[in-house]
Structure formats: structure tokens, C-alpha cells
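Each chain, letter by letter, is given below.
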Amino acid sequence: MRNVMRRVRTMTFTFLLQSPPLPISPSPPLFSLYPLPLPTQRFFTPSQGSRLRSASVRTLCTKSIIPNMQDSGSPPLSYLTQREAAEIDETLMGPLGFSVDQLMELAGLSVATSIAEVYKPGDYSRVLAICGPGNNGGDGLVAARHLHHFGYKPFICYPKRTAKPLYTGLVTQLESLSVPFVSADDLPEDLSKDFDVIVDAMFGFSFHGAPRPPFDDLIRRLVSLQNYEQTLQKHPVIVSVDIPSGWHVEEGDHEDGGIKPDMLVSLTAPKLCAKRFRGPHHFLGGRFVPPTVAEKYKLELPSYPGTSMCVRIGKPPKVDISAMRVNYVSPELLEEQVETDPTLQFRKWFDEAVAAGLRETNAMALSTTNKDKKPSSRMVLLKGFDENGFVWFTNYESKKGSDLSENPSAALLFYWESLNRQVRIEGPVERIPESESENYFHSRPRGSQIGAIVSKQSSVVPGRHVLYDEYEELTKKYSDGSVIPKPKNWGGFRLKPNLFEFWQGQPSRLHDRLQYSLQDVNGNPAWKIRRLAP
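Residues numbered from 1 in each chain as written. Predicted model: local features only at pLDDT ≥ 70, side-chain atom pairs only at ≥ 80, totals over all residues. Heavy atoms only, no water.

By the naming in an unreviewed UniProt entry, the protein is NAD(P)H-hydrate epimerase, taken from Arabidopsis suecica. Comment text from UniProt for the protein, heading Function (unreviewed entry), reads "Catalyzes the epimerization of the S- and R-forms of NAD(P)HX, a damaged form of NAD(P)H that is a result of enzymatic or heat-dependent hydration. This is a prerequisite for the S-specific NAD(P)H-hydrate dehydratase to allow the repair of both epimers of NAD(P)HX." You can read under Sequence similarities (unreviewed entry) in the UniProt record for the protein the words "Belongs to the NnrE/AIBP family." (UniProt positions renumbered as here; feature names shortened; annotations may be inferred.)

See the structure below:
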């Protein structure tokens, strides 16, 4: 129950600190507290009780709703004290009917989605979740399960397991996914070599006192990772759940010797200690606050975008663009290993990109120039290729269609980031036969067919409503399933390659570049392979 109420306190703090001062009133709160005896001292230590003794919980709320001063350009933000977080959680799990497992599931999902917003699995796949014995640890277990489904490779360090069914069930779920559990003794002293992300889910806002073994040593190892900040060596990022473990819930890292996470995921609302967070990524998670609670406490919280379970607090960190770089590590691309026919080599790489699960593997940059040699580029989708060329479809009266009518040559560029690969293709362009365009047009979804009629591509429109209105009109017209006619100004182009370049990223910028150029050999076309300097 102490763990349950620890989560209650956390959520309460978040809500209360965001609101403006409330009037002090002796009347009972709008919502009754968690249906247990009122004394919440069972959830606080005597020292906490003396710190929190106040005539009224509402008085506490009034004093703790503090605007965010870290970024003057950010909207107002509330921060919660320990007592306030407890009251809100008690309200959620009392009269509002939430169970602790529901809140834990939503909190863990929020942590996982926050991580996925910044640290993509292609670069940060190995995740170590260090979980404590309470609700904060439960959040970490849930987050690890979701991260597994997001494509990460989580590992769990769970030294002090809780025997309650909620926690044993989470362990069973992870074991069924073959997620490894690692003891604290088996973890390497230097965590930087084996993990890309470390989720700090040891202690939450109800923790007090000095961490006991083995958590004291685990915190020490996380603190030691900060030494890598002074080197160019990549080090694991630390993501703290709600409260960086070892921090005081209100005073933060007051001795300046604790964990300094790269990301903090505040649950329900930030706690007071979050004002002292100086990392680059602060997110809010736990999208379960009813409007009645937000209104009661006049909470100032950022709005969640769309269907997201997390929202960034403050502005994204400023980036030194000149310092942004990746040291590629890839298999060598050697002349004796590639196909002699570049189309076959492209097929090989394309199939490998598809097998790797890349999104829109067929997306390519199409560059054209008009009669005045003015270039333009845009992303289009490859819809077919063979020894005759590479095909895409568009409106012939669009900007790219106009360019190609004036200068029928183009360049294509495919970029498959997670494989460290690019392919450039150049050559003359021609329209494909009308019959091929007709067949492809009618293979498209009916909505896309109607969209091709509605869009006079690259022309100026007075507003989006014009497109919607015409789309709805045509949708009704062809609702009987009749054939939708292909616009005469819509069809396919085919680029016939005379040059390919296959690029494979390598360490220290010594990239592999193999160029195929079409040359005449004894009156016959032939491909010549040459290596280019990176």
C-alpha cells in the first residue's frame, strides 16, 4: 500500500503545482481522499510530516503552484510538492475509480513513448531498465515491455522484487517476451559499453533517506557515466522516471552529487525538484488527469498532441549543427563483391532495406531542372523498376512534369539511414505508355484516384476546403462503384539510367563509393565500375 500511495503522492504533486493560488477554506475538498483512514502519516516519515504540517491541504496547494521560470518563453507550468501529488493520486484511485495497475500501465507507456520520441531504436536499441521495489519500479517494468514492442532490446535489473500479484504479473509478461533479467552483481562496472539507454526507475517521490544496497552502488555507477561528458566517447543516456533516484522530491539534487539524467519523464505533473532538472529533454506523461481534477486545482499543464501519451515540456534543446555527426560502422563495399549489373545490385540493396523494416523504402528524391537550368527537388515514390528503368507517377502539369517536358533528364536519390546507404541514379526521362499509366491508375485505392482528379498539382488554391469540397462531390458521384476515369494529364515517367552510384557509410568518413557508368565497348553498351574518393 505504501507503494500505491507513493504513486498517489507523485500524481498529486504534479497537478497541484501547476495551478494558481487557491483560496484557503476550511470546507472539505471537492473529492474525498482515498478510502482509508485520513491520516496520511502512514505514507510519510516523521521528518516529512513536520515539513508538511499545515492547517489545510488546500493551503499547501496554494503555496506550491509555481510558474516555470526556467524558460521565459514557455507557457506557465505547475510543480507539485510531495503532499500535493499524494492528494491527487488518492483522488484518482478513490472517487474517480482508477486502479494502481491502470495508472502504472499508462505511466509506463508514457515513459516508453517519451524515449521513442528522442532516442530511436536504430541508434539506441539496448535499454537497461533498473527497477526499484515500488511503483516507480513497476513503471519501469511496463516501459520495458512497451519498448520491446517498439523494436528496442530491453534488459531488466530488478534486485528487490515485490511479491504482489501486480509485480509478479509484470515479470511474467516480460519473461514471456524473452526479455533478459540481469542481477546487479552481473552488471558490468562500466555500463557504457553494453547499453545505449538506462532507465532509472529505482525510486520515486515518496523515497527518503539514503539508498541502500544494491541501489546505492547502482546510483554510483550512473553518476560515474557523467564523466563521459568530457570526452568524445558516446555514453548511455539516462532517463529518469518522475524523480531522478536519490533526489529530494522538492529540493532536487541539493548536494549536486546525484544522477544528472539526459531525460526526465514527469508523471501527472512535474514535482518541485524538476525545476532543477538541467537535461535536454523533459517530458510530461500520464495522460489520465480528468478535467474535473485539472479544473479543481487550476493545473497549468501542456496539451498532449493528437493521440500521443507524452508531451515535451519547454523548448527542444538548441543544437550545435556543426557538431552533429555520426561515425558510421558498416560492412565494406568491395568491387569484387557487387553485381556487374547495377540494376541487380540495386535490387539486392532494395530487398535488404525492405527486410530491415525501413519505412517507405521506395521513397526517393527526384531532382529536375527547367529550361533555365534552375534545379528543384522533391520526394516521390518509386512504383517499379527493371532493366528498362525506374518508374514513378505524377501530374504531367506539375512543377516536375513541366521541368521534364523542358529538360527530360533527372537524378534520383535513395537514402536508407539505418543501413548507412545511399544510391544515386541519373539518366534521361520519358513518359511511359498510356496503357501502363491507365493500368496503374485503376490499381490505386479509389480515394487516391479521386484525389488525382481533384489536385491540379502545383497550382494555387484559395484554401484546403476547396479540395475537400470537390473531393466529397466526386466521392458521391462515384459512390455506385463505377469506373473513375484517369485524368489525361496524369501518368508515369521512366528514368533510363546511364549512371549509378552506391554509397556505404564507413568510419572516419572513409566511405565506400562505387560508380557504375554506361560506356560504349566495341559498339555495345557496357557498365564500368569505378571507385570514387569519399
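K.L.:
For this particular structure, what's the right way to read the pairing of strand 12 (residues 409-416)?
P.N.:
Residues in a regular strand point their side chains to alternate faces of the sheet. Burial of the side chains of strand 12 is restricted to one face: A410, L412, F414 and W416 are buried, whereas none of S409, A411, L413 and Y415 on the reverse face is. Here strand 8 (residues 363-369) pairs with strand 12 via three bridges, running antiparallel. Opposite A365, over in strand 12, you have L413 as the bridge partner. Judged from the eight bridges that link them, strand 12 and strand 13 (residues 421-431) form a sheet pairing that is antiparallel. Opposite L413, over in strand 13, you have R424 as the bridge partner. Connecting strand 12 to the antiparallel partner strand 13 that follows it, the hairpin turn spans four residues, and N420 within it adopts a positive phi of roughly 55 degrees. (Buried < 20%, exposed > 50% of the residue type's maximum accessible area, 1.4 Å probe, protein only. Helix = DSSP H or I, 4+ residues; strand = E, 2+ residues; numbered from the N terminus. Pairing = 2+ DSSP bridges.)

K.L.:
Would you mind showing me how to read the UniProt feature "binding site: K(+)" (unreviewed entry) in the protein here?
P.N.:
Residues given the UniProt feature "binding site: K(+)" (unreviewed entry) here are N136, D200 and S245. In summary, the annotated positions, though distributed over 110 residues, converge in three dimensions, the widest C-alpha pair being only 9.7 Å. Mapped onto the elements of the fold, N136 is located in helix 6 (residues 135-149). Residue position: D200 is located in strand 3 (residues 197-201).

K.L.:
When you look at the packing of helix 5 (residues 100-118) against helix 6 in this model, what are you seeing that I'm missing?
P.N.:
In helix packing, the relevant descriptors are the interaxial angle and the interaxial distance, both defined with respect to the helix axes. In the contact formed by helix 5 and helix 6, the axes pass within 7 Å of each other and the chain directions differ by 55 degrees. Our classification of the angle between helix 5 and helix 6 gives oblique. At the point where helix 5 passes helix 6, the crossing takes the right-handed sense. Only N135, G138, D139, V142, A143, R145, H146 and L147 of helix 6 make contact with helix 5, whose side of the interface consists of V100, M104, E105, A107, G108, L109, V111, A112 and I115. Looking at the contact of helix 5 with helix 6, its residues break down into 10 nonpolar, four polar and three charged. (Axes fitted to C-alpha atoms, helices over the stretch in contact; angles between N-to-C directions. Parallel < 35°, antiparallel > 145°, perpendicular 65-115°, else oblique. Left-handed = near helix turned anticlockwise from the far one by under 90°. Contact = heavy atoms within 4.5 Å. Nonpolar A, V, L, I, M, F, W, Y, C, P; charged D, E, K, R; others polar.)

K.L.:
What's the story with the packing of aromatic side chains in this structure? I'm lost.
P.N.:
Aromatic ring pairs: the centre-centre distance and the angle between the two ring planes describe each pair. Within this structure, the stated rule accounts for 25 aromatic pairs. In textbook terms, an aromatic cluster arises when at least three aromatic residues are bridged by ring pairs, as seen for F346, W349, F350, F385, F390, F414, W416, F500, F502, Y516 and W527. (Phe/Tyr/Trp six-rings, centres within 6.5 Å; stacked < 30°, edge-to-face > 60°.)

K.L.:
How should I be thinking about the packing of helix 13 (residues 446-454) against helix 14 (residues 464-477) in this particular structure?
P.N.:
Between helix 13 and helix 14, the shortest axis-to-axis distance is 10 Å and the interhelical angle comes to 130 degrees. On the basis of their axis angle, the class for helix 13 and helix 14 is oblique. As for how helix 13 packs across helix 14, the hand of that crossing is right-handed. Where helix 13 approaches helix 14, its residues G447, I450, G451, I453 and V454 are matched on the opposing element by L467, E470, Y471, L474 and T475.

K.L.:
I keep staring at the nonpolar core and nothing clicks. Help me out?
P.N.:
Proteins that are soluble and globular tend to have nonpolar side chains buried together. Core analysis: the largest hydrophobic core is formed by 34 residues, its most contacted members being I115, Y119, I156, V197 and V199. Listing elements by their share of this core, those giving two or more residues are helix 5, strand 1 (126-131), helix 6, helix 7 (165-176), strand 3, strand 4 (237-241) and strand 5 (263-267). If near-sequence neighbours (up to four positions away) are discounted, V199 is found in contact with I115, V127, L128, A129, I130, V239 and V241. Within the second largest apolar cluster, 29 residues are counted, among which are A353, L366, V380 and F502. (Core = buried A, V, L, I, M, F, W, Y, C linked by side-chain atoms within 4.5 Å.)

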